[in-house]
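Remarks on the overall topology
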Amino acid sequence: MLRIENLRARVEAREILKGLSLSINAGEVHAIMGPNGSGKSTLSYVVSGREGYEVTEGSVTFEGEDLLPLEAHERAARGIFLGFQYPVEIPGVSNLLFLRTALNAQRRARGEAEVSGAEFMKLVRAESALLDLDMEMLKRPVNVGFSGGEKKRNEAFQLGILQPKLAILDETDSGLDIDALRVVADGINRFRSPERAVLLITHYQRLLDYVRPDYVHVLSGGRIIKTGGPDLALQLEREGYGAIAA
Amino acid sequence: MTTNTTEMRPDVRNAEAEGAVADLATYKWGFTTDVEQEFAPKGLNEDTVRFISAKKNEPEWMLEWRLKAFRMWETMESPDWAKLSIPPIDYQDAYYYAAPKAKPKLASLDEVDPEILRTYEKLGIPIEEQKVLAGVEGARKVAVDAVFDSVSVATTFRAELEQAGVIFLSISEAVQRYPEMVRKYLGTVVPPRDNYFACLNAAVFSDGTFVYVPKGVRCPMELSTYFRINAENTGQFERTLIVCEEEAYVSYLEGCTAPMRDENQLHAAVVELIAGTDAEIKYSTVQNWYPGDAEGKGGIYNFVTKRGLCRGARSKISWTQVETGSAITWKYPSCVLSGEDSVGEFYSVALTNNYQQADTGTKMIHLGRGSTSTIISKGISAGRSNNSYRGLVRVAATAENVRNFTQCDSLLIGDRCGAHTIPYIEVKNPSAQIEHEATTSKISEDQKFYAMSRGLSSEDAVALIVNGFCREVLQQLPMEFAVEAQKLLGISLEGSVG
C-alpha cells in the first residue's frame, strides 16, 4: 500500500530524514518509535504532503502511485489521513461543518456523490456514540477550547467519519488519561481491516497494549535502525532507545 | 470556483454591449420596446439636473431641492481624510442618467425582459429562484424590486405588501404617488450639505427605493433590491429612504454586482433610515461590485453615505454589510441614537484583495439616555490591498448611561497587504461605558495544512478559515444572503493564495 524507499527530506537547510525505507501492506499496523528529534513527525508530514518539506532523494508511492507531486488535499482524497499530535484550532468554523466540507471535498475528488446533511448526521451520531463524544462539542468551532483529550478524541472521530485507507496517527496517545486512551484505541481497532493500514507514531509502549501492532520500527537519526514484532516495543520500554541505537 | 467568477462578472465591453443591443432589436418575445439606453447629455451642470428631473416628471419642489443641492455641491470639495488614494475624478466626463426607454409597467417578473433576467442569473442572483422560494408553502418571502441601471423594471409582491399597508416603491414612483411623504423625510437624516458625495447624490440621484411601514406593522417579508451598473460611463446615484413607524419592523436586503469593465466608475448612493418608537430596521448589504483586475485597473468607486436615525424610544437600527467588491470603498453606515434606550448595531465584513482599497466603519452618535451600540468589524486584507476600519463613538453630554462595545478584528493574507484600525471615541458624559477590542492575525500554515490534510484545496481551506473569522457577522444575515456572502468571500479571495 505505502512504499517509502531511501527517503531523504529536509526542512530549510536541515536534513531530517536520511535514507528512510518502509513498506506497509493493507491490513497491517505498524508502530514507529523513536527519541525526540529522530524525524517521526517529519515522516508523517512528508507522507501527508505538508508544504515546506523538501524531498531530495528517494520515493514515496501509495497503491503504486507516486505521492510526491500531489498536494495534501489530493493525498487525502487518495485515502491518506494524518491524526495530528497537536490538532489545530479554527475559530468560527463548526467542527461538523468542517468535517462535512472535508468529506464532500474528498468524495467529489474521487468522483463519488456528496453525502446529504441527513446521511452525514447519521454517520456522526453513530461515530460520536462510539467515542463518547458530546454532540454539543461537535458543533463548537474546530478544536477551540477543547481539552487535550477532547482534541485527540476529535481526531479519532474524524478518522471514523472520513474512513481513509491509511491512517498515520502522530502521538495520538499523548495527553490522554487511561479511560480516554482506551476509547481512542478502540476507535483505532475498529478502523483496522484487511483493506486498511495504520501507522502509529508514538513515544511509549502504552498505546501498543491496546492496539497491537504487526511491526515495530525504531527511528533514529532519520533512518529506521531496527524492525521487529510487538516485543521490540517492550524491549525499548525496558532498555531505552540508547541501548538499541548503540 | 473559477467558472463561477466568469459567470458572475461577464465581460460587457462596448462591442459586446452593442451586440446585445442589436440582438434585442430583433427581440421576439412581444415587447415593442428594447433596452436601448436613453442618456442625459454628458457632463454635469444645472441643465443635467433639470433633464433628470424632467425625465422623471418631478414636481417643482423636487427640482428646486436638487438645484439647491447642486449649487451647494459646486462650492464643496472632495474629502481627503480617508486612508485612500483616489485618482482625480472628472465629473464632466460622465453621464448622469441612463434609463431603459419608457415601457408599460410590468405586473410580474414574467414580463421582465429575459435578457435582463439572464444577466442577473449570470451574476448569480437568482431572481427566479427567489420567486420559487417565495412560492413554497411556509417559506419566508422575499420581495424584489429590481433596479436595472437606474430605473425600476420589476416589482413583485406589491399587492401583498399593500394589503399589510407597507409601501415599497422605487423612489421616483414614490415622488409621484406619495409626494408629501417623500418631501417630509427626504434629506432629514442625510441632508445634502452633509458631505460632498451625498450632496452630489441629492442633485442627480437617479432612482432608488422608498419603504414606508406604518405603525404596528411587521413587514410580512424581507424586502430586497438588487441593482447593478450596466451602461458604460454611467455613475449611479441611488437614493433609498426607509421609514418605520412606531412598533413597526422591516428587514431590507441590498445586493450589488457589476459586470467587468475598464473604466473607473463612480457610485455615490445615499441611504436614510428612520425608526420610530419601538420600531426596528434591519439593513443588510452584500456588495460585490467590480473591484478592478489583478493589476488594479478599472473597478467601481463606491462612495456611499448611509445613516439611520433611531428617533423613538427603544428603537433599533442594525446595519450588516459584507463588502468584497469595488476598487475603492468609502462607506460608514451610521446610527444617530436620539431615542431613549435606542439601539444601534453595525456588523461588517470588508474583504480587499489585489489593489483594492477600503476605508469603512461606522459612527454611533449617542444622544439618547441609555442608548447602546455594538460594533463588530472584520477586515480581511489580501494581495496588495489596504483595508481600514474607521469608527466614531460619540456620547453627548446629556446622554446618561450609554454603553458601547466595539470589536475590530483584522486578518492578513500574505505579506504585502495592510490593515488599519482607526477608532475615534468622544465621550462627554462620565456615566458612559465604552469598550474597544482589536486584534490582528494571519492565517497560520498550521491551520491551512490541517484543513488540507482533511481534503480541502488550498483555496477552499483559506475560504473556510476566512468564513470562520467572519462568522459573527455572517450569522446576522438572513439565510439566503448568508450563503451568497460565503460564496463571495471564497470567490473574492481567488488568486490570493499561493
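Up top is the structure these notes are about.
Structural notes, computed from the coordinates. (Residues numbered from 1 in each chain as written. Chains lettered and ligands numbered in written order. Predicted model: local features only at pLDDT ≥ 70, side-chain atom pairs only at ≥ 80, totals over all residues.)

Okay, the overall build of chain B next. Counting its secondary structure elements, chain B contains 14 helices and 23 strands. Per-residue burial for chain B yields a buried fraction of 54% across its 498 residues. Contacts in chain B between residues at least 24 apart in sequence constitute 83% of all its contacts with a sequence separation of at least 6. (Helix = DSSP H or I, 4+ residues; strand = E, 2+ residues; numbered from the N terminus. Buried ≥ 20, exposed ≤ 12 C-beta atoms within 10 Å, placed from the backbone. Contact = placed C-beta atoms within 7 Å.)

Secondary structure summary: chain A contains 9 helices and 12 strands in total. For chain A, the C-alpha radius of gyration of 18 Å lies close to 18 Å, the compact-globule estimate for 246 residues. For chain A, the proportion of contacts with a sequence separation of at least 24, taken over those separated by at least 6, is 71%. (Rg over C-alpha atoms; globule rule 2.2 N^0.38 Å.)

So, on to the packing of helix 6 (residues 148–162) of chain A against helix 7 (residues 178–191) of chain A. Residues and elements named next belong to chain A. Packing of helix 6 against helix 7 brings their axes to within 10 Å, and their N-to-C directions diverge by 15°. The pairing of helix 6 with helix 7 is recorded here as roughly parallel in orientation. Helix-helix and strand crossings are classified by hand; for helix 6 and helix 7 the assignment is left-handed. Residues Gly149, Lys152, Arg153, Ala156, Leu159 and Gly160 of helix 6 lie in contact with helix 7, whose contacting residues are Ala180, Val183, Val184, Gly187 and Phe191. (Axes fitted to C-alpha atoms, helices over the stretch in contact; angles between N-to-C directions. Parallel < 35°, antiparallel > 145°, perpendicular 65-115°, else oblique. Left-handed = near helix turned anticlockwise from the far one by under 90°.)

Let's shift gears to the sheet that holds strand 1 (residues 2–11) of chain A. What links the strands of a sheet is backbone hydrogen bonding, and the strands pair in either a parallel or an antiparallel sense. Residues and elements named next belong to chain A. Taken in spatial order, the 4 strands line up as 2-1-4-5 in an open sheet, and their pairing is antiparallel. Each edge of the open sheet is held by one strand with a lone partner, namely strand 2 (14–24) and strand 5 (65–66). Relative to strand 2, strand 1 is paired through 8 bridges, and the arrangement is antiparallel. Across the sheet, the residue bridging to Ala9 is Leu17, located in strand 2. (Pairing = 2+ DSSP bridges.)

Moving on: the interface of chain B and chain A. On the chain A side, the residues contacting the 17 residues of chain B number 20 residues. Of all elements in the fold, only helix 11 (445–452) and helix 12 (458–469) of chain B reach the threshold of two or more residues within the side of chain B that touches chain A. Considering every element that reaches the side of chain B that touches chain A, the biggest residue donor is helix 12 of chain B, with 6 residues. Among the residues forming the side of chain B that touches chain A, the class breakdown is 7 nonpolar, 6 polar and 4 charged. (Nonpolar A, V, L, I, M, F, W, Y, C, P; charged D, E, K, R; others polar.)

Bringing helix 4 (residues 60–74) of chain B into the picture now. Residues and elements named next belong to chain B. The end-to-end C-alpha distance of helix 4 is 21 Å, a good match for the 21 Å that 15 residues give at a rise of 1.5 Å each. Three or more residues of helix 4 are buried, namely Arg66, Ala69, Phe70 and Trp73. Projected down its long axis, helix 4 carries its buried residues within an arc of 105°, all on one side. Along helix 4, exposed side chains directed more than 90 degrees from the buried face belong to Glu60 and Glu64. (Expected span 1.5 Å × (residues − 1). Arc of directions from axis to C-beta.)

Here we come to the nonpolar core. Ranked by size, the top nonpolar core spans 180 residues in total, and within it Cys244, Val250, Leu273 and Val466 of chain B carry the most contacts. Those residues in contact with Cys244 of chain B that sit more than four places away from it in its chain are Val213, Tyr249, Val250, Ile274, Ala275, Gly276, Ala279 and Ile281 of chain B. (Core = buried A, V, L, I, M, F, W, Y, C linked by C-beta atoms within 7 Å.)

Residue and element names in this part refer to chain A. In this structure, Asn6 is a non-glycine residue whose phi angle is positive, near 45°. Position of Asn6 relative to the elements: it lies in strand 1. Even without being a glycine, Asp132 presents a positive backbone phi close to 60°. With respect to the helices and strands, the residue Asp132 is situated in the loop between helix 4 (117–130) and helix 5 (135–139). Overall, Asp132 belongs to the exposed group, with 11 C-beta atoms counted inside 10 Å.

This brings us to the environment of Trp289 of chain B. With respect to the helices, strands and loops of the structure, Trp289 of chain B is situated in the loop between strand 12 (280–288) and strand 13 (300–310). For Trp289 of chain B and Asn302 of chain B, which are 13 residues apart along the polypeptide, the C-alpha to C-alpha distance reads 8.5 Å.

Residues and elements named next belong to chain A. An ideal rise of 1.5 Å per residue puts 21 Å on 15 residues; helix 6 measures up with 21 Å between its terminal C-alpha atoms. Among the residues making up helix 6, those that are buried are Lys152, Arg153, Asn154, Glu155, Ala156, Phe157, Gln158, Leu159, Gly160 and Ile161. For helix 6, the secondary structure elements touched by its buried residues are strand 6 (80–83), helix 3 (95–109), helix 4, strand 9 (166–170) and helix 7.

Moving on, we get to the sheet that holds strand 6 of chain A. All names here are of chain A. Here we have 6 strands laid out as an open sheet, ordered 6-9-10-3-11-12, and mixed in their pairing. Pairing within the sheet leaves two strands with one partner each, and these edge strands are strand 6 and strand 12 (223–228). Averaged over neighbouring strand pairs, the angle between their axes works out to 20° when direction is ignored. As judged from the 4 bridges shared by strand 6 and strand 9, these two strands associate in the parallel manner.

A word on the packing of helix 3 (residues 46–55) of chain B against helix 4 of chain B. Residues and elements named next belong to chain B. Remark: helix 3 packs on helix 4, axes separated minimally by 10 Å, with the N-to-C direction vectors making an angle of 155°. One element, helix 3, and the other, helix 4, form an angle in the roughly antiparallel class. For the element pair helix 3 and helix 4, the recorded crossing hand is right-handed. Listed contacts from helix 4 to Glu46, Val49, Arg50 and Ser53 of helix 3 are Met62, Leu63, Arg66, Leu67 and Phe70. Its residues placed into classes, the contact of helix 3 with helix 4 shows 5 nonpolar, 1 polar and 3 charged.

Once that is clear, we can look at the pairing of strand 18 (residues 357–366) of chain B. All names here are of chain B. The element strand 18 is largely enclosed, with a buried count of 10 among its 10 residues. Residues Gln357, Asp359, Gly361, Lys363 and Ile365 point to one face of strand 18 and Ala358, Thr360, Thr362, Met364 and His366 to the other, with burial holding for every one of them. Relative to strand 18, strand 15 (residues 328–331) runs parallel, the two sharing 4 bridges. Across the sheet, Trp330 pairs through a bridge with Asp359, a residue of strand 18. Sheet topology places strand 16 (residues 334–337) next to strand 18; 3 bridges connect them, and they run parallel. Considered in strand 18, the bridge of Leu337 is made with His366. Strand direction decides the pairing type here: strand 18 and strand 20 (residues 386–395), joined by 10 bridges, are parallel. Looking at the pairing, His366 lines up with Val395 of strand 20.

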